[in-house]
Amino acid sequence: MLWLLAGAGVAVSLLVVDVALTLRNTNKLNEDSSWVARTHEVIASLETVLSLMKDAESGGWGFAITGESRYLEPHHAAVAAIDKEVVELERVTAHNPFLQARFPELQERIATSLQILDQVIALRKKEGFEAARQSILSGRGKQEMDALRVVVVEMIEQEQGLLRDRLQMSQWTYRFAIITGLLSGLSALAAVSAFSMLMWWHLAARTRAAAALAEQAERQRTT
């Protein structure tokens, strides 16, 4: 009976290992997917910040050229959206020391670019087209926007590098999960099959022994 108990213990142990590996692999796949999704979220947020800055710039310059207040509506909307998007960007990059280190520069570039746009708009309102035109031709606004683009592009490239690494890790985790799942499952199945065969052999042996005893008893009774 000891070998039956040992066989049952081995089979149960392998089944437990199979379940544990399945849970571990599932959790790791979910974690990898979460990091990949977070990276996409950061890249999208950075692209949105740059797009909103372009909208703010286009609206400000549109007003400076035409003097029509309708161009200020997209400008103001973009400025309001930028503030919210920067807050969101800071939240989703909290896990990344590199991006957090670049964040003060990003905020400074955004603030300086918006300040220059405000100055152009104020000049157009108070002094007219030529004053706004001269401010634009000074190149300060373009210089700041170019610097902002460099910061954003560098941050995006860093996240894209992380994305490649995380996608590779996710693929490796998936392959590991498939291989370990198959091996542990086959091992557990083999253990259960072997235990079933041992049980069948044990029961068959007991049946034969019982039949032999019954036959011997019958012979003795007849004699």
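Residues numbered from 1 in each chain as written. Predicted model: local features only at pLDDT ≥ 70, side-chain atom pairs only at ≥ 80, totals over all residues. Heavy atoms only, no water.

**Topic: the overall build of the protein chain**
So, step 1. The helix and strand inventory of the protein chain stands at 5 helices and 0 strands.
So, step 2. Carbon and sulfur atoms form 62% of the exposed surface of the protein chain, whose accessible area is close to 13,800 Å². (Helix = DSSP H or I, 4+ residues; strand = E, 2+ residues; numbered from the N terminus. Areas by Shrake-Rupley, 256 points an atom, 1.4 Å probe, with all protein chains shown as cover.)

**Some thoughts on the nonpolar core**
So, step 1. Membership of the largest hydrophobic core comes to 26 residues, with the highest contact counts inside it found for Ile82, Leu89, Leu106 and Ile110.
So, step 2. Mapped by element, the contributors of at least two residues to this core are helix H1 (2-66), helix H2 (72-92), helix H3 (97-126) and helix H5 (140-222).
So, step 3. Among all residues touching Ile82, those that are not within four sequence positions of it are Leu52, Met53, Ala56, Ile110 and Leu114. (Core = buried A, V, L, I, M, F, W, Y, C linked by side-chain atoms within 4.5 Å. Buried < 20%, exposed > 50% of the residue type's maximum accessible area, 1.4 Å probe, protein only. Contact = heavy atoms within 4.5 Å.)

**A look at H2**
So, step 1. Taking 1.5 Å of rise per residue, 21 residues should cover 30 Å, and H2 covers 30 Å from first to last C-alpha, within 8% of that figure.
So, step 2. If you check which residues of H2 are buried, you get Leu72, His75, Ala78, Ile82, Glu85, Val86, Leu89 and Val92. All buried residues of H2 project into a common sector of 145° when viewed along the axis, lining one side. Away from its buried face by more than 90 degrees, H2 exposes Glu73, Lys84 and Val87. (Expected span 1.5 Å × (residues − 1). Arc of directions from axis to C-beta.)

**A word on the confidence of the model for the protein chain**
So, step 1. Across the protein chain, the average pLDDT comes to 76, with 59% of residues at 70 or higher.
So, step 2. Mean pLDDT across the elements of the protein chain ranges from a minimum in H5, with 70, to a maximum in H3, with 89. (pLDDT = per-residue confidence, 0-100.)

**Notes on the side chain of Glu57**
So, step 1. Within the secondary structure layout, Glu57 lies in helix H1.
So, step 2. Within the buried core, Glu57 has no salt-bridge partner, and the shortest N-O distance to an opposite charge, that of Arg149, equals 4.2 Å. (Lys, Arg positive; Asp, Glu negative; His and termini not counted. Salt bridge = Lys/Arg side-chain N within 4 Å of Asp/Glu carboxyl O.)

**Notes on the side chain of His75**
So, step 1. In this fold, His75 is placed in helix H2.
So, step 2. Looking at His75, the relative accessible area reads 1%, which means it is buried.
So, step 3. Not counting residues up to four positions away in its chain, the partners in contact with His75 are Ala56, Gly59, Gly60, Leu117, Asp118 and Ile121.

**Quick look at the packing of H2 against H3**
Relative placement of two packed helices is described by the angle separating their axes and the distance separating the axes.
So, step 1. The N-to-C vectors of H2 and H3 enclose an angle of 165°; their axes lie 12 Å apart at closest approach. By the angle between their directions, the pair H2 and H3 is classed as roughly antiparallel. The handedness of the crossing between H2 and H3 is left-handed. Packed against H2, whose contacting residues are Leu72, His75, Val79, Ile82, Val86, Leu89 and Glu90, the element H3 presents Gln100, Phe103, Leu106, Gln107, Ile110, Leu114, Leu117, Asp118, Ile121 and Lys125 at the interface.
So, step 2. Split by residue class, the contact of H2 with H3 holds 11 nonpolar, 3 polar and 3 charged. (Axes fitted to C-alpha atoms, helices over the stretch in contact; angles between N-to-C directions. Parallel < 35°, antiparallel > 145°, perpendicular 65-115°, else oblique. Left-handed = near helix turned anticlockwise from the far one by under 90°. Nonpolar A, V, L, I, M, F, W, Y, C, P; charged D, E, K, R; others polar.)

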